[in-house]
Amino acid sequence: MGELSELFAPERIAVVGATDRDGSVGRAIMENLLDSFAGEVVPVNPKRESVFDRPARDGVGETDADLAVIVVPPDVAVESVREAGEAGIGNVVVITAGFGETGSEGAARERELKDVAEAYDLNLVGPNSLGIMSTPVGMNATFGPEDADAGRMSFMSQSGAFITAVLDWANEQGIGFKDVVSLGNKAVLDESDFVDAWGTDPDTDVIIGYLEGIDDGQRFIRSAREVTQDTPIVLVKSGRTDAGAQAASSHTGTIAGSDEAYEAGLEQAGVIRAETVQELFDAARVLESQPVPERDGVAVITNAGGPGVMTTDAIGDSRLSMATFADDTLEAFREALPAGGNVYNPVDVVGDADNERFRDAVDVALGDENVGSVIVLACPTAVLDYEQLARDTVALQEEHEKPVAACFMGGARVEAAEAPLAEAGIPNYFDPARAVDGLDALSRFRDISEREYDEPTAFDVDRERAREILSSVEDRADTRLGVEAMDLLDAYGIQTPDGDIVDAPADALEVAEGIDGDVVMKIVSPDILHKSDIGGVKVGVPHEEVYDAYEDLVSRARNYQPDATIIGVQVQEMVDLDDGVETIVGMNRDPQFGPLLLFGLGGIFVETLEDTTFRVAPVSEAEAETMTEEIDAAPLLRGARGRDPVDVAGVAETIQRLSQLATDFPAILELDINPLVATPDGVKAVDVRLTVDPEEL
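A. Examining the pattern of salt bridges more closely. Scanning the model with the defined rule gives 37 salt bridges in all. Arg-273 is the salt-bridge partner of Glu-263, the closest N and O atoms lying 2.8 Å from each other. Separated by 10 residues along the polypeptide, Glu-263 in helix H8 (residues 258-269) and Arg-273 in strand E14 (residues 272-274) bring together distant segments of the chain. In this structure Glu-263 comes out as partly exposed when scored by relative accessible area, which is 36%. For Glu-294, the salt bridge identified is with Arg-295, shortest N-O distance 3.9 Å. Given the relative accessible area of 67%, Glu-294 is considered exposed. Overall, Arg-295 belongs to the partly exposed group, its relative accessible area being 34%. Each of Asp-190, Asp-193, Asp-196 and Arg-219 takes part in a single network of salt bridges with overlapping partners.

B. Molecular detail of the sheet that holds strand E23 (residues 537-541). If you walk across this open sheet you meet the four strands as E21-E24-E22-E23, and the pairing is antiparallel. The open sheet terminates on both sides in strands that have one partner only, identified here as strand E21 (499-502) and E23. Strand-to-strand twist of the sheet, defined as the mean angle between neighbouring strand axes without regard to direction, takes the value 20 degrees. In this sheet, E23 lies alongside strand E22 (residues 519-524) in antiparallel orientation, the contact comprising three bridges. Bridge assignment links Met-521 to a residue of E23, and that residue is Lys-538. Packing of helix H18 (residues 505-513) onto the sheet brings it into contact with E21, E22 and strand E24 (568-573), and relative to E21 it is tilted by some 175 degrees. Along the sheet face, helix H19 (residues 546-560) touches E21, E22, E23 and E24 and points at about 30 degrees away from the line of E22.

C. Seen up close, the packing of H18 against H19. Interhelical geometry of H18 versus H19 gives an angle of 130 degrees and a closest axis separation of 8 Å. What the angle tells us is that H18 and H19 run oblique. As H18 packs across H19, the resulting crossing turns out to be right-handed. Residues Pro-505, Ala-506, Ala-508, Leu-509 and Ala-512 of H18 lie in contact with H19, whose contacting residues are Val-546, Tyr-547, Tyr-550 and Glu-551.

D. Here's a closer look at the layout of surface pockets. Roughly 820 Å³ of internal volume is contained in the largest pocket. Taken together, 29 residues make up the lining of the largest pocket; nearest its centre are Glu-582, Gly-603, Ile-604, Asn-674 and Pro-675. Per-element tally for the lining of the largest pocket: the top contributor is strand E28 (residues 668-679), with four residues. Per-class residue counts for the lining of the largest pocket are 14 nonpolar, seven polar and eight charged.

E. Spotlight on the side chain of Ser-223. Note that Ser-223 resides in helix H6 (residues 217-227). When sequence neighbours within four positions are dropped, the list of residues in contact with Ser-223 reads Ser-192, Val-195 and Asp-196.

F. Main features of the packing of aromatic side chains. Taken as a whole and judged by the stated rule, the model has 12 aromatic pairs. In this structure an aromatic cluster arises from ring pairing among Phe-155, Phe-162, Trp-169, Phe-177, Tyr-210 and Phe-281. The cationic tip of Arg-109 hangs over the ring face of Phe-99; the distance from NZ or CZ to the ring centre is 6.0 Å. The ring of Tyr-262 has Lys-237 sitting right over it, with the charged end atom 4.2 Å from the ring centre.

G. Spotlight on helix H21 (residues 621-630). Of all the residues in H21, the buried ones are Glu-623, Ala-624, Met-627 and Thr-628. With its buried residues spanning 145 degrees around the axis, H21 presents them on a single face. Buried-residue contacts for H21 involve H6, H8, strand E26 (594-601), strand E27 (612-616), helix H22 (634-637) and helix H23 (648-664).

H. Structural detail: the packing of H21 against H23. Running from N to C, H21 and H23 cross one another at 120 degrees; their axes reach a closest spacing of 9 Å. The angle between H21 and H23 places the two elements in the oblique class. You can see that H21 and H23 cross each other, and the crossing is right-handed. Contacts between H21 and H23 involve Glu-621, Ala-624, Glu-625, Met-627 and Thr-628 from the former and Val-648, Val-651, Ala-652, Ile-655 and Gln-656 from the latter. Residue composition of the contact of H21 with H23, by class: six nonpolar, two polar and two charged.

I. View of the pairing of strand E13 (residues 233-237). In terms of burial, E13 is largely enclosed, as five of its five residues are buried. The alternating pattern of E13 places Ile-233, Leu-235 and Lys-237 on one face and Val-234 and Val-236 on the opposite face, and all of these are buried. Sheet analysis places strand E12 (residues 206-211) next to E13, joined by five bridges and oriented parallel. Within the sheet, the bridge partner assigned to Tyr-210 lies in E13 and is Val-236. The β-α-β motif built from E12, the intervening H6 and the parallel element E13 has right-handed crossover chirality. Direction of pairing for E13 relative to E14: parallel, over a ladder of three bridges. Bridge pairing links Val-236 to Ala-274 in E14.

Calculation criteria
- Residues numbered from 1 in each chain as written.
- Predicted model: local features only at pLDDT ≥ 70, side-chain atom pairs only at ≥ 80, totals over all residues.
- Heavy atoms only, no water.
- Salt bridge = Lys/Arg side-chain N within 4 Å of Asp/Glu carboxyl O.
- Helix = DSSP H or I, 4+ residues; strand = E, 2+ residues; numbered from the N terminus.
- Buried < 20%, exposed > 50% of the residue type's maximum accessible area, 1.4 Å probe, protein only.
- Pairing = 2+ DSSP bridges.
- Axes fitted to C-alpha atoms, helices over the stretch in contact; angles between N-to-C directions.
- Contact = heavy atoms within 4.5 Å.
- Parallel < 35°, antiparallel > 145°, perpendicular 65-115°, else oblique.
- Left-handed = near helix turned anticlockwise from the far one by under 90°.
- 1 Å grid on protein atoms, 1.4 Å probe; cavity = no way out; pocket = protein on both sides within 12 Å on 5 of 7 lines; lining within 4 Å.
- Points joined across faces, edges and corners; volume = space filled by probe spheres on them.
- Nonpolar A, V, L, I, M, F, W, Y, C, P; charged D, E, K, R; others polar.
- Phe/Tyr/Trp six-rings, centres within 6.5 Å; stacked < 30°, edge-to-face > 60°.
- Lys NZ or Arg CZ within 6 Å of the ring centre and 35° of its normal.
- Arc of directions from axis to C-beta.
- Right-handed = clockwise from strand over helix to strand, strands pointing away.

Structure below.
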């Protein structure tokens, strides 16, 4: 593919399927382009001599265009793209539907389209796309009803209808865009390509989007991580409540639905995820126009006590904090405010405040080094001129170079203030919570842009031994493994208790006698996953009872499931749980992002409490350590109520080693280490189960 900057700055556009027939897509695209495009528009229609008084060409190869927009029926669209490629046209937008979204015949057509695009190295948008826009050249190559206003956001959407709705709303709100792309089926160009392109575009200050899915999650993370060092990305990802996972046999597979992968992947990519369209644009507007705050302390300047309290609550719910004023700031407030005013945050300038008092208070707040940003919160009064307050706010923001959010509450009175605020890029909100959300996005982006991404640690492991263990499922109908795969963990340096799996009671006794103290015994069967539910686990077995315990475990398993495959019994060293914490480390393979790691509180409560956190593998040491800090039970790991802290570094290393195992072997579909017992003296994986896809070995 060539540079995507060429896609957005063509000089000559060919519309293949152009027409002036009322109600047609070809007419809508022609009209949109002829209305404002700075370059030349060439209609292609072998059945017409002209379209909108412009000579029509028989084929796209005759146009000498640098962008072709394809609107012809699907059965001829691929050939039109091929003709464009043969003519050296490097950029193509396929508006036509009837491809992968329509069934097997359309899917075959889409594969052919991809092959053509690859053969001619085409930048291809779509198919099934609304089209593209670029305001610097006045290009609206869509069949939507609205042109975009000029701005410095670039916008991609997997839904063309969403674009038309957003543009209709954005034009009323005075929100502009640089580039707009309807991704369509993403046969060639996808979200990662546009992130890469806009990340190096000096005219794009913010990348925003609506996505229903991400085709290559690993690539997207790599692209976005680099881009978000300088350019913020804000996305709405739909499908939040769709579990999206197949029936799973591991705890991790049960808990980790598709949205957990997106949540983890987007966070690791440095993307700010918005829940709603309103959040999307609240964040984007402030990121586009306001400086990044140096600190998270917010000062609230208001003439209304109730809204001030509402704003304080909203700040408490965010990552921000109420700024603590310096002594000289408090003294300046005392001089500027009447006796009834509140000099502490939120600062109440009192309901009778005129513009001078409001301006002085905002000036004092912005001048405090403890203040990272300011919310100017006003309710209309007879002594307050909203337009003047807006101009004062703009001037003070420019003077102090700190982010400011305006919350001018009211209706018609606010209209006069909107223009000066908008021109200066200061967003105005009716709801104080939205002002807080905007400033919160700035804080989040500051931290994202300062991130350092370390490479994952490469541990010395025995990959051949691991492959040998995983290959044991190749001749089996059931591809699940249990404790018989403990050696897999040993191969990757994950500590396990002493012990072995045996298939005779005498051998069980021999193993037990090599272990100091009582032992744990478990039935080993790929058909019995929840061993404790059937009495398939015995804890604290003294050596003299091991023989009988073996016989009892096998008998219980046979009675529970007569046709179960019984591999034997595991005899294992007991792990002291009194000083330890039972955790779980797991992995579920997501279709888009690949291996999704889970860490959380383990044992029998894992699916009940779901005290877990997620990351997409591979993870670095810092990411693994952060996972151990994010669960609600984190204080238990670090010593709570007089307990000794456990080996948190050992837990983090286990997460990293599992990350490497999951990355090395795509054949592992899901895996649980539960419990991973963490004690002050170290960590040990007591139990494991996993599912393997032998075709990936």
